Amino acid sequence: MPLDQKSVARVLGVEVPPLTGPIVAVTHDSRAVVPGGAFVAINGFTTRGADFVPQAMERGAALVIAEEPIDGIPTAVVPDDRVALAALATELAGHPSHDLTVYGITGTNGKTTSSYVLHAILTAAYGEATTGLMTTAEIIVGTHHEMAVRTTGEATEVQANLARMRDAGLQHVVLETSSHGIHLHRVDGTRYAAALFTNLTRDHLDLHGTMEAYYRTKRKLFEWTDGPKLANADDEWGARLAQEIPGTLTFGAASNADYRIDHERRDGVHTVFELVTPRHGRLKLRIPLLGDYNVHNVAGAAGIALEMGMSPDILTRAVSEMRQVPGRFERVPAAVDRGFEVVVDYAHTDIGLRAVLEVAREVAGAGRLLCVYGAAGARDRDKRPKMGAVASELADVAIITTDDAYHEDPQDIANEVMAGADPANTTIVIDRRDAIDKALREARSGDVVVVAGKGHERVQHLATGDVPFHDTTVVTELLTSR
Ligand SMILES: CC(=O)N[C@H]1[C@@H](OP(=O)(O)OP(=O)(O)OC[C@H]2O[C@@H](n3ccc(=O)[nH]c3=O)[C@H](O)[C@@H]2O)O[C@H](CO)[C@@H](O)[C@@H]1O[C@H](C)C(=O)N[C@@H](C)C(=O)N[C@H](CCC(=O)O)C(=O)O
Ligand SMILES: Nc1ncnc2c1ncn2[C@@H]1O[C@H](COP(=O)(O)OP(=O)(O)OP(=O)(O)O)[C@@H](O)[C@H]1O
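Since the model is a prediction, treat every value here as computed from it, not as a measurement. (Residues numbered from 1 in each chain as written. Chains lettered and ligands numbered in written order. Predicted model: local features only at pLDDT ≥ 70, side-chain atom pairs only at ≥ 80, totals over all residues.)

Student: Tell me about the pairing of strand 21 (residues 448-452), and name the residues and values.
Tutor: Most of strand 21 is tucked away, with five of its five residues classed as buried. Burial along strand 21 is two-sided: Val 448, Val 450 and Ala 452 and Val 449 and Val 451, pointing in opposite directions, are all buried. (Buried ≥ 20, exposed ≤ 12 C-beta atoms within 10 Å, placed from the backbone. Helix = DSSP H or I, 4+ residues; strand = E, 2+ residues; numbered from the N terminus.)

Student: For the site of ligand 2, give the residues involved together with the corresponding values.
Tutor: As a matter of local geometry, ligand 2 sits amid 22 residues, with Gly 110, Lys 111, Thr 112, Thr 113 and Gly 352 nearest to it. For the shell around ligand 2, the residue count by class is six nonpolar, 13 polar and three charged. Shared between two domains, the shell around ligand 2 takes at least three residues from each, and those domains are domain 2 (96-321) and domain 3 (330-480). (Near = placed C-beta within 6 Å. Nonpolar A, V, L, I, M, F, W, Y, C, P; charged D, E, K, R; others polar. Domains from an automatic or database assignment.)

Student: So, the UniProt feature "binding site: UDP-N-acetyl-alpha-D-muramoyl-L-alanyl-D-glutamate" (unreviewed entry) in the chain: which residues are in play, and what are the values?
Tutor: Under the local residue numbering, the UniProt record ascribes the feature "binding site: UDP-N-acetyl-alpha-D-muramoyl-L-alanyl-D-glutamate" (unreviewed entry) to Ser 30, Thr 151, Thr 152, Ser 178 and Arg 186. Across 157 residues in sequence, these annotated residues place their C-alpha atoms as far as 24.8 Å from one another, rather than forming a single compact spot. For Thr 151, the location among the structural elements is in the loop between strand 8 (144-147) and helix 5 (155-167). Given 21 C-beta atoms within 10 Å, Thr 151 falls into the buried group. Discounting chain neighbours no more than four positions away, the residues touching Thr 151 are Thr 135, Thr 136, Glu 176, Ser 178 and Gly 181. Counting through the fold element by element, Thr 152 comes out in the loop between strand 8 and helix 5. (UniProt positions renumbered as here; feature names shortened; annotations may be inferred. Contact = placed C-beta atoms within 7 Å.)

Student: I'd like a description of the pairing of strand 10 (residues 194-197), backed by residues and values.
Tutor: The alternating pattern of strand 10 places Ala 194 and Leu 196 on one face and Ala 195 and Phe 197 on the opposite face, and all of these are buried. The pairing of strand 5 (residues 101-106) with strand 10 spans four bridges and is parallel. The partner of Gly 104 across the bridge, within strand 10, is Ala 195. Where strand 10 meets strand 11 (residues 229-232), three bridges bridge the pair, whose relative direction is parallel. Its bridge partner lying in strand 11, Ala 195 is registered against Lys 229. (Pairing = 2+ DSSP bridges.)

Next comes the structure, spelled out in structure tokens:
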């Protein structure tokens, strides 16, 4: 809904210069300005939005919003540019979250998987047409699926997607909520009906500085949520969250967990476990996912679903029938005929890598475990040698390759990973396709090859530019071209 000067001033809480007409849209990107729209000039990590004001004006910006006055341009001066962006985006979209039931999922690892599990339960309970999902892998609006660009988009994208979902008649939306999303005000203005915390391990310290600050950022989701809140009792930060935020329940294997995981065992390519619940007794769940971490992901999502009133029978059926999560322990069908397994997985931290390799080790049984992996550039560097150590410890053959290097030299990143690895079982092959090819050539019947790091992603970000790359496709091409 377009906003006049008075409304914009009310939303921003500051004085707004006279406008020639109502504000019809808002963006932080000068390239996306529309005539009659507002441009928020954000002081970024790499550039200053103020530098792009001329471009925004050329494209017809009716109002500039910034933290400092801009020479010669009537500007609404705000205390925080990203807060202003979110406030205006939410108002223009008509506060869509108020017409939806939004389920927020946060944590270092397991957000996407837990989001898919909860989405599967919601779909079984309320129908595909009324449920939506926003994750790292995909945005799902009812029956329509599209690739996602980031976990939690800018506030303008979050609000536009929520509005799109509301207008399409959706009622239930799972919103994967990253710490970047919270810290950079991308989810300000979103009302959450329920919240889930999976775990907290070292990551993104380049943004947050300390684990304490990282934790406090995630905690905000729980501070905002009035409805059911569930945290992982087996994670020290999850246990702390449950103590600090009144009304928070817990899930996990811990004896005091409200939703307790019991009698977990692997059954072929399924996992079977019991969820001891506060009001529905013991639920026997059989899930097409492997690994203790996935039992946690399912237990958390199931706990939230039950707290929100969904039926245990529908839940039990939904999790047993759920489809494969893109790029999470995704088995490549082309490998099966060759007698070995190739698993594509999004693990890109030492914790994630350990989790996936432990499961793969179990699946390999007497076979060998081969792992192709790398660390991303422009991100928390401390995890690089840790990833090297984990891969050497758990895999028989480890090949370090390029992940998204961004502006960094892939060889430098690989050397930092190698610093923690054991050279006896580790080699470096910089080209990702060549590295995967090497692993596939070495694989013998009964082996498991894990290609870790990029999961569902379809592009590799390199200093020389973005190149199309999808691990599952590359593995399939290499195997079928033999
Ligand atoms: C660290 C981080 O989050 N950076 C985000 C931040 O970038 P920045 O502050 O450096 O922006 P900038 O490039 O300096 O530009 C400043 C401003 O100028 C504007 N600009 C720029 C160029 C131009 O021609 N015109 C123009 O107006 C930009 O739109 C921006 O508003 O603001 C940008 C604009 O909003 C975001 O695109 C960018 O996300 C980048 C792409 C990113 O990679 N973010 C990742 C780390 C991220 O957010 N990840 C989390 C998930 C992490 C996880 O859980 O694993 C996520 O939620 O996806
Ligand atoms: N609960 C968990 N605990 C530890 N590791 C996990 C857990 N769930 C998944 N993983 C590992 O982390 C990888 C990423 O999983 P998933 O995409 O579900 O997490 P995420 O939090 O969404 O990550 P991202 O925000 O980077 O997308 C998986 O491929 C798996 O290796």
